[in-house]
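# Notes for the structure review
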Amino acid sequence: MSAAYFLGVDGGGTHCRARLRDASGKVLGEAQGGASNIFTDPDEAIANIDQVSRATFAQAGLDALHLGETSACFGLAGANMAGAVARVEVHPWPFQKLRIEHDGIIACVGAHAGGDGAIAAVGTGAVYVVSLGGKLQTFGGWGFMLSDQGSGADLGRESLRRTLYAQDGIIERTPFTDAVWARFASSMDQLHRFAETAKPRDYGALTPLLFDYVERGDPIARFIVERGQTGITLVLDHLIKLGTEHICMMGGLGKAYQPYLPARFAPYFTAPRHDALDGAILLAGGRVA
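This text gives an overview of the structure that appears in the document. Keep in mind that what you see is a predicted model, and the values were worked out from it rather than measured.

## Notes on helix α11 (residues 276-283)
- Of all eight residues in α11, seven are buried, a share of seventy percent or more.
- Of all the positions in α11, only Ala-276, Leu-277, Asp-278, Gly-279, Ala-280, Ile-281 and Leu-283 are classed as buried.
- Where α11 is buried, its residues touch β1 (5-11), β2 (16-22), β4 (70-76), β5 (97-102) and α3 (103-111).
- The opening residue of α11, the one whose side-chain oxygen lies 3.3 Å from the backbone nitrogen of Leu-277, is Asp-275.
- Backbone geometry just downstream of α11 places Gly-285 in the positive-phi region, at approximately 100°.

## Description of the sheet that holds β2
- Read across the sheet, five strands follow the order β3-β2-β1-β4-β5 without closing on themselves; strand pairing throughout is mixed. Two strands lie at the open edges of the sheet, namely β3 (27-33) and β5, each paired on one side alone. Adjacent strand axes in the sheet meet at a mean angle of 15° when their direction is disregarded.
- Relative to β3, β2 is paired through six bridges, and the arrangement is antiparallel. Counted as the bridge partner of Leu-20 is Gly-29 from β3.
- Packed on one face of the sheet, helix α1 (residues 42-59) meets β1, β2, β3 and β4 and runs near 145° to β3.
- In the packing of α3 onto the sheet, the strands contacted are β1, β4 and β5, and the crossing angle to β5 comes to about 95°.

## Quick word on the environment of Tyr-203
- Turning to its location among the elements, Tyr-203 is positioned in helix α7 (residues 200-204).
- Residue Tyr-203 is classed as buried on the basis of its relative accessible area, which comes to 10%.
- Taking C-alpha positions, Tyr-203 is 14 Å from Ala-35, a pair spaced 168 residues apart along the chain.
- In this structure Tyr-203 touches Phe-144, Gly-152, Ala-153, Gly-156, Arg-157, Leu-160, Phe-194, Ala-195 and Ala-198, once residues within four positions along its chain are discounted.

Conventions used here
- Counting starts from 1 at the beginning of each chain's written sequence and moves along it residue by residue.
- Predicted model: local features are reported for residues with pLDDT of at least 70 only, side-chain atom pairs are reported and counted for 80 or more only, and whole-chain, interface and lining totals are derived from all residues.
- Hydrogens and water molecules were not included; the side-chain quantities draw on all heavy atoms of the structure.
- Partly exposed describes any residue whose relative accessible area lies between the buried limit of under 20% and the exposed limit of over 50%, with all areas from a 1.4 Å probe on protein chains only and scaled to the type maximum.
- Strands are runs of DSSP state E lasting at least two residues, helices are runs of H or I lasting at least four, and both sets are numbered from the N terminus onward.
- Any two residues having at least one pair of non-hydrogen atoms within 4.5 Å are treated as being in contact.
- Polar contacts, as counted here, are pairs of nitrogen or oxygen atoms within 3.5 Å of one another; within protein the pair requires one atom able to donate a hydrogen and one able to accept it, and residues that are adjacent in sequence qualify only if both atoms are side-chain atoms.
- Pairs of strands are assigned from DSSP output, requiring at least two bridges between the strands.
- Here an axis means a line fitted to C-alpha atoms, over the contact stretch when the element is a helix, while the angle between two N-to-C directions is reported on a 0 to 180 degree scale.

What follows is the structure in structure tokens.
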């Protein structure tokens, strides 16, 4: 029995989005919810994915019983980590069919409509995917403790580190380090309490402040962003060596980084044809009108 509906879910470290299309490719509903990194907090992720899926059907004016007539694909942060997908699969999902990928895969499929090309998805985390001749390869995305250089979480952590250097007198204070210090009420105790429980998205919450001070010419803020872009540059060069001709800069920081990347990448940058949600719908077997 073929599915009547196709649900795509894009679950990142900061928020979760869903889109519902019918068999003809018409958009019926969309919804957004909380974080859904299935490696850092699987229980939170499952709850938010379930909530946003049902909210999408409600927004479409469809009863939850229609979930059973749906082919769904989840693209989730953390899905490339060992054991993470298994935790999600055991949940009693109501769908007719379910496919789980990590969020970079659905972003790449959507960006290039299933064809050749690559994506650099830089947001709370950072992951890179290239599709060549129908083969998908993934790089990075192992979490900011081990990789994801240049991600929001990485930039936020480095911002705190440089702020502490400034407070200790190791480097010169700047307006940016003073602003970060003020964010924690100029209190080491508050900063320690933050670090004890902070998740990647909490560190990533500092990036708007960081880029604001980059625009103001703050030397420490610019140093942090330039440090981040060196990791991005390393992977972009590798993607080009593999043979990709088209790269989409995606994620909350993808476009923000472009002015700081070497000019040699400009000929490769292209706009995505579809977003990650439609990439998930394509992988679920649906159509994109």
